[in-house]
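Next come the chains, spelled out residue by residue.
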Amino acid sequence: MVWPHRNLLTLEELTSDEINLILDTAAAFEDVSTRSVKKVPALRGRVVVNLFFEDSTRTRTSFTLAAQRLSADVIDFTAKASSLSKGESLRDTVRNIEAMGIDVIVCRHSSSGANHLIAKNTKCCVINAGDGRHEHPTQGLLDIYTIRKAKGRIDGLKVAIVGDVGNSRVARSNLHGLLKLGAEVTFVGPTTMVPGAFAKMGARVVHDFDSVIGEFDVINMLRIQMERLGSNVFPSLGEYTRLFGLTNERMKRARQDVLVMHPGPINRGVEMAGDVADGGRSVILEQVTNGLAVRMAVMFLCTQALGAG
Amino acid sequence: MVKNSNLIIRSGRVVDPSRNLDQIADVTVVDGRIESINPVDGRASAPESSAPGRIEIDATGLIVCPGLIDIHVHLREPGNEDEETIGSGSAAAVAGGFTSIACMPNTQPAIDNEAMVEFVLRQAARSGLCNVFPIGAITKGRQGLELAEMGHMVRAGAVAFTDDGCGVANSNTMLRALQYAKMFDVPLIQHCEDADLASGGCMNAGLTATRLGLPGLSPLAEEVMLQRDLLLAESTGTAYHAAHISTAGAVRMIREARRRGIRVTAEVCPHHLLLTERDIGDYDTNFKMNPPLRTERDVEACREGVADGTIDCLVTDHAPHGADEKAFDFQTAPFGIVGLETALPLFIRALIETRLLDWPGLIERLSCLPSKLLKLGRGTLAPGAIADITIIDPAEEWVISPSEFLSRSRNTPFGGWQVRGRATQTIVAGRVSFDRHSGVASGEPSVGVR
Ligand SMILES: [Zn+2]
């Protein structure tokens, strides 16, 4: 099939065929990282800008490396949200960047939908590196890629996503992608963090981790945002860990072949015990490695849609 | 001051709910007041010799009704004249068929004292296009703490009080405001929103917000404050008006409160009768307003509320914003849409085309009841009344085109809509302020305030 999209804004808008095409392309790119010359010329002459309105060293580094391995030039544009308060709108920022001859904009922004706004105002490829609490499609793809590699399939798997699902862009992207590929998704967390509305989006919603922990092929633990403490979505870290943390004790009741995932960075001892993060069921570091291949695939496919440039 | 000494509107369908009138008739205006309404029975009414300065309008096939009144309009002056002025807002009003508008005090600075009320009236008189009735703030600077000088403002011409833009959070302040306002017998208008429950929200809390990852504005924020206010209003007996109601629960509460005899009235905007949260699509900021677009169930309940009279008034919540501001991302962009030039066909679509209301029912809620609520002395074609008249072509089909708005702002989610029904002439105190063919009359002093 031919990849039809110039932008990657969400996994919600992709078909299962399109998701599989990204995963297959990523597989083809994966061995580039193991060669002595870690480069292919796919994006030679193209310019990628990392437009990050929100700090994230990990995601930015991953995109930068991915672009470099495709032989693109990479520019970092760390725009603090303060440029908006100075009166320069997001639209103006993007037009200025575009005027510098950019091909791909990789954007992270604290507002949901910011990438949609950018895409409407530019002819560049726009790749969503996380918008507010909406989606983080490349994270979703790398999670799905990691699962597929470890389990050999997605169809029929039971996947738990645990934590502050309501505020998580990772959870939404995983949900859309996994459902399309035939997995069953269960959101687990306190009622203040997992709204019932997710049931209408196809997820199972559970508030008692212990009653279901033995069912899952994959457990994806979300990071707890420490700044949420005091906003009354949970009373204390201790209570959170006791109810929803992936402790050693809880791991004993999980399936023997369960895959443990986390988008990082981990609050060790809060959402996950250190032993579990470093243990034999954890694929957390593989997720980071796979992120490179997936991001290469996404940038490669989207720029195809730009045509000869 | 030049007034048309004589104006005759011939052969229109005269709809005046204030007097249960709905018949083909000629309307004669002399010296800015209604002189007579003469039914046309089969043959043409007596041709009169044309007096100098007489204007004749042929209203065959058109509706002639008391001038439309919008009691919820933001004019942005003073403070944000790039978005709207009292003059440009008045021009938009008459183009939409409104002869009177009441303007909200959330300007910068706020309309919270006598001098500010007088300023609004003076600017309105300068543009001379329609009646502008100022609404004063309940509290100084709209801070929700100390009562503003309501007595002074009433004396200067304020017709009601509100801190619109936000609700009065402090229960004691609201109770005192209700007690105090009762002295002047002017209504308190509340923007029902509990700030804590609403905090950070930018669209209706629910499935679509969950899907889009946008922070939600819970319907509870509206309903909790409304319920509190109903208890307070019941205890004081003051006239209380709930602004821009948007939830099924709010409609139900008002219906029940009325049944209990509480002096409560309510209003609804066209967008809450026609659009749902799902219309936000890919984060289109022209669909961002407060209260936000709700669900189909809420739309249904609001429509029923209008049909059964629970909701008395139809308003626009005309809220102009510059294109630059609306170009921000959805969370950052300001709330609000313009409404004066699109309201009439949208209400026709929501209420007449669905057969929830007939024409007298619509005119009642767009003119008679709003006038009664704020004691404006308009909303009637009774002989001797000030001749504020709107002539409507109920059949004209047209496409809403924001670039043609007379408002200074273009922020509407209805651009491109194919609609039916439009004001052809807007007559204020006997003077044609707007004519669909020749446009807005040049500003001229002046229209009386009361
Ligand atoms: Zn309001």
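What you see is a predicted model, and the numbers here were worked out from it, not measured in a lab. (Residues numbered from 1 in each chain as written. Chains lettered and ligands numbered in written order. Predicted model: local features only at pLDDT ≥ 70, side-chain atom pairs only at ≥ 80, totals over all residues. Heavy atoms only, no water.)

Digging into the overall build of chain A
What chain A contains, in helices and strands, is twelve helices and nine strands. At 19 Å, chain A has a C-alpha radius of gyration in line with the 19 Å of a compact globule built from 309 residues. In terms of overall dimensions, chain A has a C-alpha envelope of 55 × 45 × 35 Å along the principal axes. Counting over 309 residues, chain A shows a buried share of 57%. Once local pairs closer than 6 in sequence are excluded, the contacts in chain A between residues at least 24 apart make up 72%. A total accessible area of about 12,200 Å² is found for chain A, and carbon and sulfur atoms account for 50% of it. (Helix = DSSP H or I, 4+ residues; strand = E, 2+ residues; numbered from the N terminus. Rg over C-alpha atoms; globule rule 2.2 N^0.38 Å. Buried < 20%, exposed > 50% of the residue type's maximum accessible area, 1.4 Å probe, protein only. Contact = heavy atoms within 4.5 Å. Areas by Shrake-Rupley, 256 points an atom, 1.4 Å probe, with all protein chains shown as cover.)

Structural notes on the overall build of chain B
Looking only at helices and strands, chain B has 13 helices and 18 strands in total. By the compact-globule yardstick of 22 Å for 450 residues, chain B fits well, its C-alpha radius of gyration being 21 Å. Projecting the C-alpha coordinates of chain B onto the three principal axes gives extents of approximately 65 × 45 × 45 Å. Going through the 450 residues of chain B one by one, you find that 62% of them count as buried. A total accessible area of about 16,000 Å² is found for chain B, and carbon and sulfur atoms account for 49% of it. Looking at charge distribution, chain B has the averaged site of its 42 positive side-chain charges lying 4 Å from that of its 57 negative ones. (Lys, Arg positive; Asp, Glu negative; His and termini not counted. Charge placed at Lys NZ, Arg CZ, Asp CG, Glu CD.)

With respect to the coordination of the zinc ion
Residues and elements named next belong to chain B. The coordination sphere of the zinc ion contains the protein donors Asp-164 (OD), His-191 (ND1) and His-244 (NE2), at a distance range of 2.0 to 2.3 Å. Read in sequence order, the donor residues coordinating the zinc ion give the pattern D-x26-H-x52-H. Note that His-191 is positioned in the loop between strand E9 (188-190) and helix H5 (195-198) and His-244 in the loop between strand E12 (240-242) and helix H8 (248-259), a separation of 53 residues in sequence. Each of the two residues, His-191 as well as His-244, counts as buried. (Donors = N, O, S within 2.8 Å, 3.2 Å for Na, K, Ca; no water.)

Focus on the nonpolar core
Core analysis: the largest hydrophobic core is formed by 99 residues, its most contacted members being Leu-226 and Leu-362 of chain B. For this core, the element with the highest residue contribution is helix H12 (residues 343-352) of chain B, accounting for eight residues. Formed by 88 residues, the second largest nonpolar core is a distinct cluster that contains Cys-125, Leu-181, Met-201 and Met-299 of chain A. (Core = buried A, V, L, I, M, F, W, Y, C linked by side-chain atoms within 4.5 Å.)

Considerations on the packing of helix H2 (residues 57-69) of chain A against helix H12 (residues 284-304) of chain A
Residue and element names in this part refer to chain A. Where H2 contacts H12, the axes come no closer than 8 Å and their chain directions differ by 60 degrees. Relative to H12, the element H2 lies oblique. Crossing of H2 against H12: the hand is right-handed. Contacts between H2 and H12 involve Thr-59, Ser-62, Phe-63, Leu-65, Ala-66, Ala-67 and Arg-69 on the former and, on the latter, Gly-291, Leu-292, Arg-295, Met-296 and Met-299. Across the contact of H2 with H12, the residue classes break down as seven nonpolar, three polar and two charged. (Axes fitted to C-alpha atoms, helices over the stretch in contact; angles between N-to-C directions. Parallel < 35°, antiparallel > 145°, perpendicular 65-115°, else oblique. Left-handed = near helix turned anticlockwise from the far one by under 90°. Nonpolar A, V, L, I, M, F, W, Y, C, P; charged D, E, K, R; others polar.)

So, the pairing of strand E2 (residues 21-30) of chain B
All names here are of chain B. Two elements, strand E1 (residues 6-16) and E2, share nine bridges in a ladder whose sense is antiparallel. Bridging across to E2, Asp-16 finds its partner in Leu-21. Between E1 and E2, which pair antiparallel in sequence order, lie four residues; one of them, Asn-20, sits at a positive phi of approximately 55 degrees. Sheet topology places E2 next to strand E3 (residues 33-39); six bridges connect them, and they run antiparallel. Residue pairing across strands places Ala-25 opposite Pro-39, the latter belonging to E3. (Pairing = 2+ DSSP bridges.)

Focus: the interface of chain A and chain B
You'll often see interface size given as the accessible area lost when the parts meet. Between chain A and chain B, the residue contacts involve 23 residues of the former and 16 residues of the latter. Approximately 1,600 Å² of surface area, both sides summed, lies buried where chain A meets chain B, with 57% of it carried by carbon and sulfur atoms. Our enumeration of links across chain A and chain B arrives at two salt bridges. Taken together, chain A and chain B are joined by eight residue pairs in polar contact (both at pLDDT 80 or more). (Buried area = accessible area lost by both parts, 1.4 Å probe. Salt bridge = Lys/Arg side-chain N within 4 Å of Asp/Glu carboxyl O. Polar contact = N/O pair within 3.5 Å; in protein donor to acceptor, adjacent residues only side chain to side chain.)

Looking at the sheet that holds strand E2 (residues 73-77) of chain A
What holds strands together in a sheet is hydrogen bonding between their backbones, with the strands either parallel or antiparallel. All names here are of chain A. The strand order across the open sheet built from four strands is E2-E1-E3-E4, with neighbouring strands paired in parallel fashion. On the outer flanks of this sheet lie E2 and strand E4 (125-131), each paired with one strand and no other. Here the strands of the sheet are splayed against their neighbours by 15 degrees on average, with no regard to which way each runs. As judged from the five bridges shared by strand E3 (residues 104-109) and E4, these two strands associate in the parallel manner. Bridging across to E4, Cys-107 finds its partner in Asn-128. Along the sheet, H12 contacts strand E1 (47-52), E3 and E4; its crossing angle with E4, the most-contacted strand, is approximately 145 degrees.

Description of the packing of aromatic side chains
Enumeration according to the criterion identifies six aromatic pairs over all chains in this entry. For the pair Phe-29 of chain A and Phe-300 of chain A, a centre-to-centre distance of 5.4 Å together with 80 degrees between the ring planes defines the contact as edge-to-face. Here Phe-300 of chain A lies in helix H12 and Phe-29 of chain A lies in helix H1 (residues 16-30), a separation of 271 residues in the sequence. When its relative accessible area of 9% is taken as the criterion, Phe-29 of chain A is described as buried. For Phe-300 of chain A, a relative accessible area of 23% corresponds to the partly exposed category. Summarising the aromatic geometry, the rings of Phe-187 of chain A and Phe-198 of chain A are spaced 4.9 Å apart at their centres and angled 80 degrees between planes, so their arrangement reads as edge-to-face. Here Phe-187 of chain A is found in strand E6 (residues 184-188), whereas its partner Phe-198 of chain A is found in the loop between E6 and strand E7 (204-206), with eleven residues between them in sequence. Given the relative accessible area of 0%, Phe-198 of chain A is considered buried. Here the guanidinium or amino end of Arg-60 of chain A rests over the ring plane of Phe-52 of chain A, the centre of that ring lying 5.6 Å away. Over the aromatic face of Phe-335 of chain B sits the side chain of Lys-288 of chain B, whose NZ or CZ is 4.7 Å from the ring centroid. (Phe/Tyr/Trp six-rings, centres within 6.5 Å; stacked < 30°, edge-to-face > 60°. Lys NZ or Arg CZ within 6 Å of the ring centre and 35° of its normal.)

A closer look at a nonpolar patch on the surface
Residues and elements named next belong to chain B. Taken together, the side chains of Leu-197, Leu-220 and Val-224 present a nonpolar region at the surface, about 240 Å² in accessible area. Mapped onto the secondary structure, Val-224 falls in helix H7 (residues 219-236). When its relative accessible area of 37% is taken as the criterion, Val-224 is described as partly exposed. (Patch = residues over 30% accessible without salt bridge, like charges linked within 9 Å, V, L, I, M, F, W, Y side chains within 5 Å.)

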